[in-house]
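# A look at the structure
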Amino acid sequence: MLNQAAFKSGNSKKQHEVAHLAALIDSIASREGIERIMDIGAGQGYLDMALAFQYGYTVIGVDDDDIQTCGARRRMDVVHNFVQWKSGDAEVAGQLLHVNRRVHASETFASLLQDVSNGQDNGAGRWLLTGLHSCGDLTPAIMKHFLESEAAALVVVGCCYNKLTEPLDFHGDDGVGFPLSNYLRSKRPIFHLGYSARSVACHATCRWTQPEERSKEAFKKQHFRALLQHILNKHGLFDRAQTNSKETQNNDIVIGQLKSNAFSNGFAHYAKLALAKLQIDADSEGLTPSVLNTYEDAFRKHEIEVAILWTLRSMMGNIFESLLLADRYLCLDEQLGDKDGTLIHLVPLFDPVISPRNMALVAVKPNKKT
């Protein structure tokens, strides 16, 4: 019955993820005597509501997006009232707090907890740190807070490997996102995956037949993107596109998200939308619909070649993702593995077709009281 209220605007993928992750967290927390959980990168708070109102934990959900936090708070009130109405007991649920705040790897967990709890908690006691699809460097930040604090357990599922920072492209104060382990950090020359490899690690080949039309559309997207790159070079627009790119990684041009119908009305429609994202007016550059249609007709025969290349490239994704996950496992093992009672696991938690980033990194420190 909780799902009826908690997932009123959620989807089946999110329900699948929350059900499995919340059950795993509960199995660890109940065994280890943990009653408090911090969800870092909590988003709309679906996981937090399951942990608080279904399993009865005290949960703090932290997210740096104010819109997400406001949405989580609104949903929390609805679900809390629903749970009380169904149970008739105002004390049946755990406590839940949603806080709008960015979490930094450079701060201590004690200071973070002091801040989000309004000075009411200094980090003593047994906490479990979690994150559901913690984006980019957020997963390494959660790991750092776990390793350098009294937090007792870690259950985190990462995603968006393309947004990780590496030593060769790092310019901040919060540390790099890869590599984390001393094993890879010690390699010379410096071990560097790069943006393209990290992006490929996000691919989900297991979804290619679910349904088949989705794969065909993915091939079309790659063909359109390759053709646009050719046009940018041929018309002397590459440098301007790179300057106006949403972000630049290793000289790649990142267009960003387009409208849902961007690829369904032909190449000319896609190119006009993509160029606008790069602050380039197609018509003023002579790239009228008729010119763009001519390009599409001329290069149509090459679509199969792009599809083959993209398929072979995507098949490397599992290798790159395995390397990233192994590095995180090694990082935990290097710092905790020699202590009696330590548990470190990589758990395939979700159906990969439903949720391709399905590996949960789990670590539990020894209980000092045992």
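Above this text sits the structure in question.
Residues numbered from 1 in each chain as written. Predicted model: local features only at pLDDT ≥ 70, side-chain atom pairs only at ≥ 80, totals over all residues. Heavy atoms only, no water.

The tally for this structure, following the rule as stated, stands at 8 aromatic pairs. Between Phe-224 and Phe-267 the ring centres are 5.4 Å apart and the planes differ by 70 degrees, which places this aromatic pair in the edge-to-face class. With Phe-224 in helix H9 (residues 212–234) and Phe-267 in helix H11 (residues 267–277), the pair connects residues that are 43 residues apart, well separated along the chain. Relative accessible area serves as the criterion here: at 0%, Phe-267 is assigned to the buried category. Considering the side-chain rings of Phe-267 and Tyr-270, the 6.1 Å spacing of their centres and the 45 degrees angle between planes classify their relative orientation as tilted. With Phe-267 and Tyr-270 both in helix H11 and 3 residues apart, the pair spans about one turn of that helix. The same class applies to Phe-267 and to Tyr-270, which are both buried. Among the aromatic residues, ring-to-ring pairing joins Phe-224, Phe-263, Phe-267 and Tyr-270 into one connected group. Note that Lys-365 overlies the ring of Phe-146, its terminal NZ or CZ placed 4.5 Å from the centroid. (Phe/Tyr/Trp six-rings, centres within 6.5 Å; stacked < 30°, edge-to-face > 60°. Helix = DSSP H or I, 4+ residues; strand = E, 2+ residues; numbered from the N terminus. Buried < 20%, exposed > 50% of the residue type's maximum accessible area, 1.4 Å probe, protein only. Lys NZ or Arg CZ within 6 Å of the ring centre and 35° of its normal.)

On to the packing of helix H2 (residues 12–32) against helix H3 (residues 46–54). Closest axis-to-axis distance for the H2/H3 pair is 9 Å, and the angle between their directions is 45 degrees. Accordingly, the angle class assigned to the pair H2 and H3 is oblique. For the crossing formed where H2 meets H3, the hand is right-handed. For the pair H2 and H3, contact is made by Lys-14, Val-18, Leu-21, Ala-22 and Ile-25 and by Tyr-46, Leu-47, Ala-50 and Leu-51, respectively. (Axes fitted to C-alpha atoms, helices over the stretch in contact; angles between N-to-C directions. Parallel < 35°, antiparallel > 145°, perpendicular 65-115°, else oblique. Left-handed = near helix turned anticlockwise from the far one by under 90°. Contact = heavy atoms within 4.5 Å.)

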